[in-house]
Amino acid sequence: IGSLPIVFDMPAFVIVLLITIILVIGIRESAGFNSAIVALKLAVVLFVIFAGIAHVNPANWHPFFPKGVSGTFSGAAYVFFAYIGFDSISTHAEEARNPQRDVPIGILTSLALCTVLYIAVAAVLTGMVPSAEIDIDAPIAHAFGRIGLSSAALVISIGAVAGITSVLLVMLLSQARILLAMARDGLLPPGLFAAVHPRFRTPYRSTILVGIVVAMVAALLPLKVLADLVNIGTLFAFVIVCAAVLIMRYTRPDVRRPFRTPFVPAVPVLGILANLTLMVSLGWHNWARLFVWLAIGLVIYAAYGARHSRLNNERPRA
């Protein structure tokens, strides 16, 4: 546009739209597709661990904290991006057969398994290549290329695409369900966000809307900007959730709780402190973006949600 170069990432745009179509068709089809992608991703992760472990040089782990404590927290704030999908399990509770049992098991088990796998991959990668020499754009493929296993780069690249695709599917699925729940509570227009397809029984309008917006954003914005936005936004959402648990436990102790947080107030307080610490590590520019998006959300709530909220309208008037 004039002298301003515009880069449009067509593969990202097409992949997001294809996932959106799968999500509109139905939850079973989405689950089957995601299971196949996750199986492929796990196979590649295990390949990286067992193929790379023989080429680990323990000397590359010294110093163990090359960037110091501040660098560790900054890295944790970005690695947090890999852990976002676990909370999405809770947004699908309505579609679980026994949510009180299945949802906690699903979250905690997947979190434990993936944490072990992430640590193993990180240990192998940093053992194969000194931290200062890791290629940020393609770290694992570059590490295997250094040891003469360039043919493994294709397998690793396929696994990377599979990993991103499975995360996209879960995130798009979760966002549509969140908008559906908000619309049922009156916070968003139900005609758009709570509309369910007569055949597929999915919130198709909100799914299509979210898919189009995400496709355009993925195609136009740099990956680092997207990662920053997602990380600080999700961390802030977790702060709010932890604070809500703490407040509701004391202001509404009589409410029935199918899911109950243990060790209150220790767990929510530690959750708030941990998330705020990671948010501070992301820098002032990410905070500025957060406040812009927060302001947009507050405007939507003030203009529509506050007046149509079911909870607000059910309260007795003085």
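Residues numbered from 1 in each chain as written. Predicted model: local features only at pLDDT ≥ 70, side-chain atom pairs only at ≥ 80, totals over all residues. Heavy atoms only, no water.

Draft legend 1. How the structure looks around helix 1 (residues 10-25). Under the 1.5 Å per step criterion, the end-to-end length of helix 1 is 23 Å for 16 residues, consistent within 8% with the ideal 22 Å. Turning to helix 1, its buried residues number three or more, namely Phe13, Val16, Ile19, Thr20, Leu23 and Val24. Taken around the axis of helix 1, the buried residues stretch over an arc of 140°, which confines them to a single face. The distance from a side-chain oxygen at the start of helix 1 to the backbone nitrogen of alanine 12 is 3.3 Å, and the residue carrying that oxygen is aspartate 9. Within two residues after helix 1, glycine 26 carries a phi angle of roughly 160°, on the positive side. (Helix = DSSP H or I, 4+ residues; strand = E, 2+ residues; numbered from the N terminus. Expected span 1.5 Å × (residues − 1). Buried < 20%, exposed > 50% of the residue type's maximum accessible area, 1.4 Å probe, protein only. Arc of directions from axis to C-beta. Polar contact = N/O pair within 3.5 Å; in protein donor to acceptor, adjacent residues only side chain to side chain.)

Draft legend 2. Structural context of helix 9 (residues 204-220). The end-to-end C-alpha distance of helix 9, which contains 17 residues, comes to 24 Å, matching closely the 24 Å that a straight helix rising 1.5 Å per residue would cover. For helix 9, the complete set of buried residues consists of Tyr204, Ser206, Thr207, Val210, Gly211, Ala215 and Ala219. Residues of helix 9 that are buried sit in contact with helix 1, helix 7 (152-184) and helix 8 (190-193). (Contact = heavy atoms within 4.5 Å.)

Draft legend 3. Expanded view of the confidence of the model for the protein chain. When pLDDT is averaged along the protein chain, the result is 85; 95% of the residues meet or exceed 70. Least confident of the elements in the protein chain is helix 4 (residues 88-91), whose mean pLDDT is 70; most confident is helix 9, at 93. (pLDDT = per-residue confidence, 0-100.)

Draft legend 4. Fine view of the packing of aromatic side chains. Counted according to the given criterion, the structure contains four aromatic pairs. Their ring planes at 55° and their centres at 5.3 Å tell us that phenylalanine 8 and phenylalanine 13 sit as a pair that is tilted. According to the relative accessible area criterion, phenylalanine 8 is partly exposed, its value standing at 36%. (Phe/Tyr/Trp six-rings, centres within 6.5 Å; stacked < 30°, edge-to-face > 60°.)

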